[in-house]
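# Remarks on the overall topology
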Amino acid sequence: MSAPTHRDSAPDARLHAPDARAATPIPRVDAYEKVTGAARYSADRTPPGLAHAMLAVATVGRGRVTHVETAAARAVAGVLLVLTRFEEHELRPAGYRLSGGYGFQTLQPLLDDRIAYRGQPIALVVAETLVAATEAAALVEARYAAEPVAVTLDAPGAETVGQAAALPQPMFADTAVGDADAAFARSPVRFDGEFGISAQHQVPMELLGTVAEWRGDDLVVHECTQNSGAVQHGLARQLGIDPARVRVVSPQVGGGFGQKTWLQSHVGPLAVAARRLGRPVKLVVPRTQTFHGSTFRPASRHRIRLGADRSGRLTAAVHETRQQTSRHDLFASDFTSVTARMYGIADFRGHQRLTRTDVQTPGFMRAPFEHAAVFALESAVDEIACATGRDPVALRLANDTGTDPVTGRPFSSRHLAACLRRGAERFGWAARTPRPGSMRAADGALVGWGVAAGAYRASAGPAVARLRLAADGGIAVEASGHEMGQGLRTAVARTVALDLGIAAESVRVGVGDTGGVPQHLTAGSWGTATALPAVHAALRELRVRLGAPDEGPVDTVAAAAELAAAGRPEAVVEALSLPPGQSAQAADRLRAGLPTPAGPEYPGFSAFSFIAHFVEVRVEPAIGRVRVERVVSVVDCGRVASPVTAAGQIRGGVVWGIGAALRERSEPDPRFGGFLNADLAEYVVPVNADVRRIDVDFIDAPDPLVNALGVKGCGEVALVGVAPAIANAIHHATGRRHRSLPIRVEDVLAREDGMIANSW
Ligand code: MOS
């Protein structure tokens, strides 16, 4: 099949014309399926003969397994297999994603006796029922030669390295421009402070779940993943088989948030167990095990030095960071590429370090670096506003820039000032009295109003879309991308419907299935900006195939009937799209399940999404409880591809920000390793009662350069800046600055001179 390549450098002028229809929202296309339970998630699959698996995991944080006693487990009625060690010929490591591999870490459990973190699998049990598997796994007993663990940034034995020196590749280098230290020393107004965030875990509603099923020599894996291509190719590498023999199916993911971006370490063992038994096997990883068996947001610290002149114009910034990683992998950080771009700061120096600790390898979690980095920067900017007597909104507007200070090239689009102005208007910011503690609610609560901005790189990857005109005139779409609730399916359906002038209900969208078009990692807020250009290009091909004009409505029902009447084959078209600057090599990587995101630096421009958050908190003076009363968030994510789901993404990001700012902390266990509060009872996230009014608005101005549709991402930028807006609001309410997250009641109540120790 011909697959013309479309380059997304030329904007499609028609899409930029004012068009009422283009602004019309449609409901989430899979909402009905989801709320009625008809949507099939990976663990919903129940092929005939299904057996059930459970993992037994290490109870020490480091050392060696000296003996695993499995007799009691094997004696449980219904137990089929107890596997404690795989041979290298049947299960090879998948490799670490940062070294050209497919796994979330280098370490593949169950290949040797080494224990690198608490919760590492030591046995895989398969039984006729889940109850039997669970009972048997609990009866697996191991003896260990345990070694001392270091699980926090300051623990003895934790080892710190400079990132750029340890990982000498341009993408891991420190961002630096000008002479920031000299410019800082010269600045008449200076801020110098250290910030920190604790480790946190994603707790998506859908647990990690896998069903592995062999059909002859072919392996079908139903897996909740944001990266079915990597799971396909990683499994092929692990099992030593042709990737064409592996199909990974992931049509619905119940929340990803970065946890489901790479091959999980239980999937290979499960596939081997299924082959040995000649039966399909299912594993749903219990919540507590997901805290140790998959990635998380590592703890990090940030020293920010920020210089300004007396009017509040920012002149210099130095951002030094330290991020937790595992003992066995360097999970690279990228904190400074966003802090260097938030404002027009001429002199910037970043320096990033990594600290090895005895944990599973951490990874991406929503706005993986931007959340923490911008918490630090936007808290510091607020301090500069106070120090110079400038209004925090006015100060940010005064430091806006149209030019990327790192490259000297323009931003493709940057409407941060419009976000700030519109947000201030909607929020009623003008009524704010600047003095901390000067605003009170009728019930006596301290009222605080805070603002912060955010940015997130506008990335995109290569993608393929295939369109089929069905006999009834509907359109079946297969596209590179994964639906994890963010609304990709809706954005694709709406794009096709608007283009052809048909109802969205006539568009069926298949994503996340390697049995269709090649699948690229969906993460980094690039899902929509990756899939839609391919869909747009395929629509052009479809119009050519049907002899339809290049724009305007198409009578697809008539076109399908005509094809049928003429006895011609059904119309199937396919197109590959590449982001600006990418070569055909990117398409090869796409087909090999390797990530190939472009951005934020493109030939001739840099691209970011932007956001401004305005927050009102209420602080009860007697008990220190903070409530987030209302939030106004205004977003520049280019053209909004799907208004309903995009607004949902922003609200979700704000809720997440409330959790990140006030609730969530994974408590490391310094004695035995692992995390102590590894379930939803003790890992505290916001509940409905914590979430009050969230008002979302979009600038909705198409980006003229990133792709033909003018779309930038919104899922991650949603979170960026929420935490500092809340912290700045708390300062406005109480006069207290909080520089570590989460900010809890005890922190708000603690006196300046008697800080309650924080364990991050
Ligand atoms: Mo996202 S944290 O890149 O899935």
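Residues numbered from 1 in each chain as written. Predicted model: local features only at pLDDT ≥ 70, side-chain atom pairs only at ≥ 80, totals over all residues. Heavy atoms only, no water.

### Observations concerning the overall build of the protein
Looking only at helices and strands, one finds 21 helices and 28 strands in the protein. Over its C-alpha atoms the protein spans a radius of gyration of 26 Å, differing by no more than 12% from the 27 Å that the globule rule assigns to 760 residues. Expressed as a percentage of its 760 residues, the buried residues of the protein come to 63%. When the accessible surface of the protein is split by element, carbon and sulfur atoms take 53% of a total near 26,700 Å². The averaged location of the 78 negative side-chain charges in the protein is 2 Å from the averaged location of its 80 positive side-chain charges. (Helix = DSSP H or I, 4+ residues; strand = E, 2+ residues; numbered from the N terminus. Rg over C-alpha atoms; globule rule 2.2 N^0.38 Å. Buried < 20%, exposed > 50% of the residue type's maximum accessible area, 1.4 Å probe, protein only. Areas by Shrake-Rupley, 256 points an atom, 1.4 Å probe, with all protein chains shown as cover. Lys, Arg positive; Asp, Glu negative; His and termini not counted. Charge placed at Lys NZ, Arg CZ, Asp CG, Glu CD.)

### Regarding helix α19 (residues 643–662)
Taking 1.5 Å of rise per residue, the 20 residues of α19 would be expected to cover 28 Å, and the 29 Å separating its terminal C-alpha atoms lies within 8% of that figure. Most of α19 is tucked away: 14 of the 20 residues are buried. (Expected span 1.5 Å × (residues − 1).)

### Quick word on the sheet that holds strand β14 (residues 281–284)
Pairing is mixed in the open sheet, where seven strands are placed in the order β4-β6-β2-β14-β11-β12-β13. Lying at the two open borders of the sheet, with one neighbouring strand each, are β4 (79–83) and β13 (246–249). For this sheet, the mean inter-axis angle between neighbouring strands, taken without regard to orientation, is 20 degrees. Note: strand β11 (residues 209–215) against β14, four bridges, orientation antiparallel. (Pairing = 2+ DSSP bridges. Axes fitted to C-alpha atoms, helices over the stretch in contact; angles between N-to-C directions.)

### Some points on unusual backbone geometry
Backbone torsion omega between Gly599 and Pro600 reads 5 degrees, so that peptide bond is classified as cis. Turning to its location among the elements, Pro600 is positioned in the loop between α18 (584–591) and β23 (601–602). Here the amide bond leading from Leu741 into Pro742 is cis, since omega sits at 0 degrees, within 30 degrees of zero. Of note, Pro742 is situated in the loop between β28 (740–741) and α21 (745–749). Although it is not a glycine, Leu110 adopts a positive phi angle of roughly 75 degrees. Considering the arrangement of structural elements, one finds Leu110 in the loop between β4 and β5 (114–115). Residue Leu110 is classed as buried on the basis of its relative accessible area, which comes to 4%. The phi dihedral of Phe257 is positive, around 60 degrees, even though this residue is not glycine.

### Here's the deal with the state of the cysteines
Summed over the entire model, instances satisfying the criterion amount to zero disulfides. As a non-bridged cysteine, Cys637 has Cys714 as the owner of its nearest cysteine sulfur, 4.8 Å distant. Given the relative accessible area of 2%, Cys637 is considered buried. (Disulfide = S-S within 2.5 Å.)

### Looking at the packing of aromatic side chains
Summed over the entire model, instances satisfying the criterion amount to 17 aromatic pairs. Each ring, one from Phe427 and one from Trp449, has its centre 4.9 Å from the other, and the planes form 80 degrees; the classification is edge-to-face. One end of the pair, Phe427, is in helix α14 (residues 416–427); the other, Trp449, is in strand β18 (residues 446–457), with 22 residues separating them in the sequence. The structure contains a cluster of three or more aromatic residues connected by ring pairs, namely Phe331, Phe335, Phe364 and Phe369. The lysine or arginine in question, Arg190, covers the ring of Phe184, its NZ or CZ lying 5.9 Å from the ring centre. In this structure, Arg630 is placed above the aromatic ring of Phe427, and the distance from its NZ or CZ to the ring centre is 3.9 Å. (Phe/Tyr/Trp six-rings, centres within 6.5 Å; stacked < 30°, edge-to-face > 60°. Lys NZ or Arg CZ within 6 Å of the ring centre and 35° of its normal.)

### Considering the sheet that holds strand β26 (residues 626–636)
Adjacent strands of a sheet form backbone hydrogen bonds with each other and so pair up, either parallel or antiparallel. Strands sit in the order β18-β25-β26-β27 across an open sheet of four strands; the sheet is mixed. Two strands close off the open sheet at either side, each with one partner strand: β18 and β27 (693–698). Between one strand axis and the next, the sheet turns through 15 degrees on average, direction left out of account. In the sheet, strand β25 (residues 608–619) pairs with β26 via ten bridges, with the strands oriented antiparallel.

### With respect to the environment of Thr84
By secondary structure assignment, the location of Thr84 is in the loop between β4 and β5. Given a relative accessible area of 28%, Thr84 falls into the partly exposed group. C-alpha of Thr84 to C-alpha of Ala598: the two residues are 514 residues apart in sequence and 41 Å apart in space. Beyond its immediate chain neighbours, meaning those up to four positions away, Thr84 contacts Val68, Thr70, Leu110, Ile122 and Ala123. (Contact = heavy atoms within 4.5 Å.)

### Some points on helix α17 (residues 556–565)
Those residues of α17 that sit buried are Thr556, Ala559, Ala560 and Leu563. Along the axis of α17, the buried residues cluster in a sector spanning 95 degrees; they form a single face. For α17, exposure combined with an orientation more than 90 degrees from the buried face picks out Val557, Glu562 and Ala565. Buried residues in α17 make contact with β19 (463–469), β20 (475–479), α15 (488–500) and α16 (527–546). Its side-chain oxygen at 3.3 Å from the backbone nitrogen of Val557, Asp555 defines the N-terminal cap of α17. (Arc of directions from axis to C-beta. Polar contact = N/O pair within 3.5 Å; in protein donor to acceptor, adjacent residues only side chain to side chain.)

### Here's the deal with the side chain of Thr355
In this fold, Thr355 is placed in strand β17 (residues 347–357). Discounting chain neighbours no more than four positions away, the residues touching Thr355 are Leu153, Ala158, Glu159, Thr160, Arg322, Gln323, Gln324 and Thr325.

### A few points about the nonpolar core
In this structure, Leu306, Phe614, Val617, Leu662, Phe698 and Ile726 are the most contacted members of the largest nonpolar core, which totals 98 residues. With ten residues, the single largest contributor to this core is helix α12 (residues 370–388). Setting aside anything within four residues of it in sequence, one finds Val617 in contact with Leu446, Val447, Gly448, Val626, Arg627, Val628, Glu629, Ile726, Ala729, Ile730 and Ala733. (Core = buried A, V, L, I, M, F, W, Y, C linked by side-chain atoms within 4.5 Å.)

### Some details on the domain arrangement of the protein
The domains assigned to the protein are domain 1 (5–39 + 459–598) and domain 2 (402–458 + 604–749). With 31 residues of domain 1 in contact, the opposing surface of domain 2 contributes 25 residues. Both faces considered, domain 1 and domain 2 share a buried interface measuring about 2,100 Å² in area, 60% of it formed by carbon and sulfur atoms. Our count for the contact surface shared by domain 1 and domain 2 stands at zero salt bridges. Summed over the shared surface of domain 1 and domain 2, the result is five residue pairs in polar contact (both at pLDDT 80 or more). For the side of domain 1 that touches domain 2, the secondary-structure elements that each account for two or more residues are α1 (13–16), α2 (20–23), α15 and α16. For the side of domain 1 that touches domain 2, the per-class residue count stands at 16 nonpolar, eleven polar and four charged. (Domains from an automatic or database assignment. Buried area = accessible area lost by both parts, 1.4 Å probe. Salt bridge = Lys/Arg side-chain N within 4 Å of Asp/Glu carboxyl O. Nonpolar A, V, L, I, M, F, W, Y, C, P; charged D, E, K, R; others polar.)

### A look at the pattern of salt bridges
Under the defined criterion, the tally for this structure stands at 47 salt bridges. With a shortest N-O distance of 3.6 Å, Glu147 and Arg62 are connected by a salt bridge. Of this pair, Glu147 sits in the loop between β7 (141–146) and β8 (159–162) while Arg62 sits in the loop between β2 (51–57) and β3 (63–69), and the two are 85 residues apart along the sequence. Owing to a relative accessible area of 38%, Glu147 belongs among the partly exposed residues under this scheme. Given a relative accessible area of 27%, Arg62 falls into the partly exposed group. Residues joined in a network through salt bridges with shared partners are Asp443, Arg627, Glu629, Arg692 and Arg693.

### As for the side chain of Gln649
Along the chain, the position of Gln649 falls in helix α19. A relative accessible area of 18% places Gln649 in the buried class. In contact with Gln649, not counting residues within four places along its chain, are Arg366, Gln486, Cys714, Gly715 and Ala718.

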